[in-house]
Amino acid sequence: MRKAFHKVVLVGSAGSGKSALVCKKLWPKTPLDHFYQSTIGIDYVQLAVRSLADNKLRHIELWDTAGQERYAVLISTYIRNTQVACVAYDITNRSTFEAVDKYMEMLREHDIAPDRIIIVATKLDLIDLREIAKTEGAAKAAEYGCMFTETSASEGWHIDELFATIAALLPPNTNATTIIDGVQPELIPFDAITTQEKPPACCWLM
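Residues numbered from 1 in each chain as written. Predicted model: local features only at pLDDT ≥ 70, side-chain atom pairs only at ≥ 80, totals over all residues. Heavy atoms only, no water.

**Focus: the nonpolar core**
For soluble globular proteins, nonpolar side chains are generally found buried alongside one another.
Step number 1: Membership of the largest hydrophobic core comes to 30 residues, with the highest contact counts inside it found for V87, Y89, M104, L107, I117 and I119.
Step number 2: Considering each element in turn, this core owes the most residues, five residues, to helix α4 (residues 100-109).
Step number 3: Apart from the residues lying within four places of it in its own chain, the contact partners of I117 are A85, V87, M104, L107, I112, C146 and M147.
Step number 4: Judged by nonpolar contacts, the second largest core, of 23 residues, contains V49, L62, I118 and A153. (Core = buried A, V, L, I, M, F, W, Y, C linked by side-chain atoms within 4.5 Å. Buried < 20%, exposed > 50% of the residue type's maximum accessible area, 1.4 Å probe, protein only. Helix = DSSP H or I, 4+ residues; strand = E, 2+ residues; numbered from the N terminus. Contact = heavy atoms within 4.5 Å.)

**Digging into α4**
Step number 1: Those residues of α4 lying buried are V100, Y103, M104, M106 and L107. Viewed along the axis of α4, the buried residues span an arc of 155 degrees, placing them on a single side of the element.
Step number 2: Of the residues trailing α4, D111 is marked for its positive phi of about 60 degrees. (Arc of directions from axis to C-beta.)

**Here we look at the pattern of salt bridges**
Step number 1: All chains considered together, the criterion is met by nine salt bridges.
Step number 2: Salt-bridge contacts for E136 lead to R94; the nearest nitrogen and oxygen are separated by 2.9 Å. One end of the pair, E136, is in helix α5 (residues 134-144); the other, R94, is in helix α3 (residues 94-98), with 42 residues separating them in the sequence.
Step number 3: Note on E136: relative accessible area 30%, which makes it partly exposed.
Step number 4: When the shortest N-O distance is used, the salt bridge between K140 and D101 registers 3.0 Å. With K140 in helix α5 and D101 in helix α4, this pair connects stretches of sequence that are 39 residues apart.
Step number 5: Using a relative accessible area of 12% as the deciding quantity, one classes K140 as buried.
Step number 6: Accessibility expressed as a relative area gives 29% for D101, which makes it partly exposed.
Step number 7: Residues joined by salt bridges that share partners form a network here, namely D101, K140 and E143. (Salt bridge = Lys/Arg side-chain N within 4 Å of Asp/Glu carboxyl O.)

Below, the structure written as structure tokens:
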């Protein structure tokens with residue numbers, strides 16, 4: 001029986017921490033510096049995530065896009081038919097936050113509803129270097145009517161909650177499998193909650 005997959009994209013400026021979020025979820029015990037490299041074009045993986053809403057699995061096609069300007073046209077193409085989108089920015093880098101508006105506009109051009117978008121602040125562990133206050137990020141999400149959270153891939157803070165919330169935004173079943181250019185990587189399942197130190201409080205806004 002062929003699994004039905006839901007399309008999810010991660011967008012944001014280069015260095016905003018998108019790939020780190022994915023790596024931490026897939027390999028929670030592996031140091032991030034083991035994976036570190038800039039995404040070139042598009043990275044793609046299939047995975048299973050347990051929904052926060054009904055505790056059932058959703059099978060996801062996760063498209064991790066490059067943040068460099070030269071890939072803008074390519075990214076726009078891959079946003080098409082997205083069911084849930086995450087827009088990432090680095091709390092220590094204001095330019096990545098200022099770019100959120102550009103990516104929100106890109107998602108709007110593809111008719112992605114605000115209630116299917118999560119603005120994700122990254123690198124919460126670098127709190128002493130923070131340039132964007134939590135209230136500022138939350139206000140940006142409220143401006144667009146989408147959800148908001150702060151995360152740390154380095155410490156594993158709110159990663160499981162983020163992916164469980166993504167799954168909760170997806171319908172239980174769909175036939176909208178989107179395999180592009182015949183690429184169909186191996187399914188990487190995960191649904192275990194890892195043991196972590198208690199993180200700072202998380203904020204989810206609609």
